[in-house]
Amino acid sequence: MPYTLEQLNSAPLQQAAQMLDGLYEHSPWIAEQALAQRPFASLAALKLAMVRVLEAAGREAQLKLIRAHPELAGKAMVAKTLTAESTHEQNTAGLTQCTPAEFAKIQQLNADYNAKFGWPFILAVRGPRGTGLSKGQIIAAFERRLHAHPDVELAECVRNIHRIVEIRLNDKFGAEPTLGNLVWDWQEQLAQHSEPGYAERGELTVTYLTEAHRACAASIAQTMREVGCDEVHIDAVGNVVGRYHAATPGARYLLTGSHYDTVRNGGKYDGRLGIYVPLACVRELHQAGQRLPFGIEIVAFAEEEGQRYRATFLASGALVGDFHPEWLDQTDADGVTMRQAMQAAGLPGTLEAIAALKRDPARYLGFVEVHIEQGPVLNELNLPLGVVTSINGSVRLVGEAVGTASHAGTTPMDRRADAACAVAELMLFVEQRARRDGDSVGTVGQLSVPNGSVNVVPGRCAFTLDLRAPSNAQRDALLADVRTEIDAIATRRGVRFTLEETMRASAAPSDPAWQARWERAVQALGLPIFRLPSGAGHDAMKLHDLMPQAMLFVRGENGGISHNPLESTTSDDMELAVRAFQHLLQQVAAEA
């Protein structure tokens with residue numbers, strides 16, 4: 001029989017330690033020290049307590065733990081001397097049934113990895129869903145991580161050990177992340193739809209109103225109907241809207257959701273997680289026959305990424321009355337206007353129909369959004385959830401430095417007006433100045449020397465600039481300092497700069513009351529409250545113009561990478577996100 005948390009909390013220390021035996025490979029001291037923090041409010045709290053014990057133990061203790069683990073498909077597996085837990089995990093991933101070629105490949109990777117790092121490669125082979133990675137996925141992770149910095153790789157090994165422990169702990173306590181698995185499976189199902197040219201390579205690309213995009217909309221609509229939404233429709237810009245009615249007619253709605261389009265060759269969870277987490281909550285309410293004092297409106301926003309047309313946030317913008325008429329006449333790379341794309345998808349393609357989508361804020365309680373973090377912070381802190389304090393304000397610019405093109409061999413170093421060096425100096429200043437704030441960021445993302453030659457001092461250098469900060473004032477101060485430095489560089493180097501602002505978005509601080517509800521929800525799960533700003537833009541920043549909003553972040557794996565096929569999170573973290581959303585709903589219901 002599985003253990004219960006109540007048994008663990010009340011058992012004598014030696015008995016409790018026995019319950020947790022085998023979690024950390026040949027290292028029972030970690031669980032034993034964590035037990036000093038009993039009682040635990042949840043398994044999530046126990047997991048985090050063990051994480052903190054290992055963190056406090058330091059690098060040498062972490063290395064010893066890593067070295068206590070067997071190699072994948074290594075000598076211990078062949079000799080059948082693995083622990084029962086490791087045997088089960090390697091068997092689940094199929095490593096005990098390797099072909100000779102696969103076995104030889106993994107043996108070579110083991111040797112290369114040990115030669116570089118001095119410890120065995122650690123991977124939670126049961127994967128983020130808990131059902132096992134394929135041998136191809138294991139080998140790909142092996143090959144990718146061989147190129148990491150030793151400090152980065154050490155931390156990644158420790159994080160994978162904690163994931164192994166999480167799965168083992170679930171097994172011991174019979175804890176199945178049922179709703180997290182459901183959300184995971186929905187996203188896997190949706191990721192089957194990708195555009196030609198990408199689908200054949202196993203890549204995910206879904207841009208506005210393509211065939212793959214329309215297939216996604218149909219799939220989301222079907223899931224909305226299946227979970228029990230009372231109304232489901234696709235609106236005039238392609239948003240998929242599902243409504244779960246309140247207990248009494250005329251009540252206000254809580255608005256939630258996120259986007260289902262992707263960047264090219266993107267990840268499966270950006271945006272989509274924020275659609276399916278609330279749908280899991282509606283499913284549970286519907287199955288229980290429960291209605292709340294308010295309704296729930298879930299919007300799967302059709303466009304957020306600005307990939308096919310230069311109209312980022314057009315879908316959430318339509319809900320706040322911020323749809324630009326000129327967008328309809330924009331053309332994509334194939335010369336198709338947005339209006340034509342809409343009409344081909346069965347949408348009206350008229351300004352009147354789009355204007356009618358604007359929401360009346362008096363009919364809504366607010367907007368909340370769940371999103372994968374898209375950054376490394378939660379991942380590095382080993383925290384599954386974080387509460388967003390503000391969505392950063394941003395400004396984007398395109399610029400050019402103009403100097404003098406001259407012969408690379410005959411122009412002395414003190415006689416040059418090198419445009420590329422001027423921009424390089426600017427890039428370093430942007431990096432240093434943004435760091436000074438602690439939470440500002442600055443990026444020169446594109447850089448080019450038009451008509452450059454190997455033996456010519458660059459006379460022109462074009463660049464882009466992206467500056468972001470948690471408040472408009474902080475963003476504007478950063479931009480002002482960058483402009484001042486540009487003038488100084490121009491004077492020192494004898495070049496001139498042009499700079500054109502192409503986009504400006506205001507910061508969207510979280511509504512204090514809604515942020516507090518997210519914080520209480522996280523705390524109710526036995527987790528510490530961690531607050532962080534969002535460096536990326538989200539649909540919530542558009543809804544911010546119309547109603548109060550707040551966001552919850554979910555930890556990402558693989559260093560928190562996003563807009564990338566490696567974007568990932570676990571079904572356990574998704575489960576916590578669903579539980580947090582359910583708790584938020586309960587709070588709002590109690591306040592009604």
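Everything numeric here is computed off the predicted structure, so don't read it as measured data.

**As for the overall build of the protein**
Helix and strand counts for the protein stand at 22 helices and 16 strands. Taking 25 Å as the expected radius of gyration for a compact globule of 592 residues, we find that the protein reaches 26 Å, a close match to that expectation. Over its C-alpha atoms, taken along the principal directions, the protein stretches across nearly 75 × 70 × 45 Å. Counting all 592 residues of the protein, 54% fall into the buried class. Put simply, of all contacts in the protein between residues at least 6 apart along the chain, 77% involve residues at least 24 apart. Here the protein displays about 24,800 Å² of accessible surface, and carbon together with sulfur accounts for 51% of that area. Charge separation in the protein, taken as the distance between the mean sites of 55 positive and 69 negative side-chain charges, equals 2 Å.

**Some remarks on the nonpolar core**
Ranked by internal contacts, the top residues of the largest apolar core, which has 105 residues, are Val-237, Met-338, Met-342, Leu-385 and Trp-518. Not counting residues up to four positions away in its chain, the partners in contact with Met-342 are Tyr-208, Leu-209, Ala-236, Val-237, Phe-323, Leu-328, Leu-347, Gly-349 and Ile-354. In terms of nonpolar packing, the next biggest core, distinct from the first, is built from 53 residues, Leu-35, Leu-43, Leu-72 and Phe-142 among them.

**Examining the pairing of strand E5 (residues 364-372)**
With respect to burial, E5 is a largely interior element, eight of its nine residues being buried. Where strand E3 (residues 253-259) meets E5, four bridges bridge the pair, whose relative direction is parallel. Paired with Leu-255 across the two strands is Phe-367, which belongs to E5. Looking at chain direction, E5 and strand E16 (residues 549-554) are connected through six bridges and run parallel. Looking at the pairing, Glu-369 lines up with Met-551 of E16.

Rules used throughout
- Residues numbered from 1 in each chain as written.
- Predicted model: local features only at pLDDT ≥ 70, side-chain atom pairs only at ≥ 80, totals over all residues.
- Heavy atoms only, no water.
- Helix = DSSP H or I, 4+ residues; strand = E, 2+ residues; numbered from the N terminus.
- Rg over C-alpha atoms; globule rule 2.2 N^0.38 Å.
- Buried < 20%, exposed > 50% of the residue type's maximum accessible area, 1.4 Å probe, protein only.
- Contact = heavy atoms within 4.5 Å.
- Areas by Shrake-Rupley, 256 points an atom, 1.4 Å probe, with all protein chains shown as cover.
- Lys, Arg positive; Asp, Glu negative; His and termini not counted.
- Charge placed at Lys NZ, Arg CZ, Asp CG, Glu CD.
- Core = buried A, V, L, I, M, F, W, Y, C linked by side-chain atoms within 4.5 Å.
- Pairing = 2+ DSSP bridges.

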